[in-house]
Amino acid sequence: DGTLVLPEEPGLEYHGARVTDAKPWDELFEHGSTTIEFECADGVAYGDERTTAATEIMVNGTCKTYPTMELVATEGDSVMVLNLDGERFVNIVRTFKGGERVVMDFERETVTMDGADACIEIGLYSDFFSLVPGANRLAFAGCSEHMTRYRERWL
C-alpha cells in the first residue's frame with residue numbers, strides 16, 4: 001500500500017492506495033496512455049500539515065483531524081489541554097519540576113514525557129478529542145509553551 005497523489009488535486013494525498021487494475025498502453029512513447037484503477041483503504045484525502053501556538057485554530061477541510069500537542073510543563077502537579085467548544089480535556093497528573101516536554105498524540109491516545117511513555121499519567125476523566133472543520137478554541141494549563149500540529153483532511 002502506498003500514497004496516491006492525483007494531478008487534479010495538488011497538495012492532497014490518499015493513503016493506503018493500491019493498484020487494482022491496469023489496462024495495456026494504447027501506444028508507446030510520448031503520446032501513449034493507459035488507465036490504472038486504484039483502491040484506497042482510507043477514504044480521507046490528507047492536505048497540508050499545520051503547526052501553530054494559537055489557542056484558536058481554524059481547521060480547513062471537511063473532516064475532523066487528530067492533533068499532536070507538545071507542551072513544556074511548568075512546576076506543578078499537572079498539565080492540561082481543554083477543548084472549550086467540545087468541553088473535553090486531557091489532563092496529565094504528576095509532579096512536574098518544570099521544563100519537561102509532554103507530547104500528546106490525540107489519534108493514538110498516547111502521551112510521552114521527555115520521550116518516555118507516560119500513558120499511566122493520564123488523568124481520570126481525560127477524553128482525547130479531535131479538531132473539527134472551522135474554528136476550534138483551546139486552553140492550556142500548567143505549561144509555559146504549547147504547539148499544536150495537525151493535518152487537514154477531506155472526505
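## Quick word on the sheet that holds strand β12 (residues 134-141)
Next, step 1: If you walk across this open sheet you meet the 4 strands as β5-β12-β7-β8, and the pairing is antiparallel. Either end of the sheet is taken by a strand with one partner, and the two such strands are β5 (56-59) and β8 (88-96). Strand-to-strand twist in this sheet, taken as the mean axis angle between neighbours without regard to direction, amounts to 20°.
Next, step 2: Across 4 bridges, strand β7 (residues 76-83) lies against β12 in antiparallel orientation. From the neighbouring strand, Leu-82 faces β12, where its bridge partner is Ala-139.

## Some remarks on the environment of Lys-64
Next, step 1: Along the chain, Lys-64 falls in the loop between β5 and β6 (68-73).
Next, step 2: Overall, Lys-64 belongs to the partly exposed group, its relative accessible area being 40%.
Next, step 3: Among residues more than four places away in sequence, those in contact with Lys-64 are Ser-130, Leu-131, Val-132, Pro-133 and Arg-153.

## Quick look at the packing of aromatic side chains
The relative placement of two aromatic rings is captured by the distance of their centres and the angle of their planes.
Next, step 1: In total, this model carries 2 aromatic pairs according to the counting rule given.
Next, step 2: Arranged with centres 5.2 Å apart and planes meeting at 75°, the rings of Phe-106 and Phe-128 form a pair that is edge-to-face. Of this pair, Phe-106 sits in the loop between β9 (101-105) and β10 (110-113) while Phe-128 is found in the loop between β11 (116-117) and β12, placing the two residues 22 residues apart along the sequence. Residue Phe-106 shares its accessibility class with Phe-128, and that shared class is buried.
Next, step 3: For the pair Phe-106 and Phe-129, a centre-to-centre distance of 4.8 Å together with 65° between the ring planes defines the contact as edge-to-face. With a gap of 23 residues between them, Phe-106 in the loop between β9 and β10 and Phe-129 in the loop between β11 and β12 connect regions that are remote in the sequence. Each of the two residues, Phe-106 as well as Phe-129, counts as buried.
Next, step 4: Among the aromatic residues, ring-to-ring pairing joins Phe-106, Phe-128 and Phe-129 into one connected group.
Next, step 5: Sitting over the ring of Phe-96, Arg-94 keeps its end group 5.7 Å from the ring centre.

Quick notes on the rules
- Residues numbered from 1 in each chain as written.
- Predicted model: local features only at pLDDT ≥ 70, side-chain atom pairs only at ≥ 80, totals over all residues.
- Heavy atoms only, no water.
- Pairing = 2+ DSSP bridges.
- Helix = DSSP H or I, 4+ residues; strand = E, 2+ residues; numbered from the N terminus.
- Axes fitted to C-alpha atoms, helices over the stretch in contact; angles between N-to-C directions.
- Buried < 20%, exposed > 50% of the residue type's maximum accessible area, 1.4 Å probe, protein only.
- Contact = heavy atoms within 4.5 Å.
- Phe/Tyr/Trp six-rings, centres within 6.5 Å; stacked < 30°, edge-to-face > 60°.
- Lys NZ or Arg CZ within 6 Å of the ring centre and 35° of its normal.

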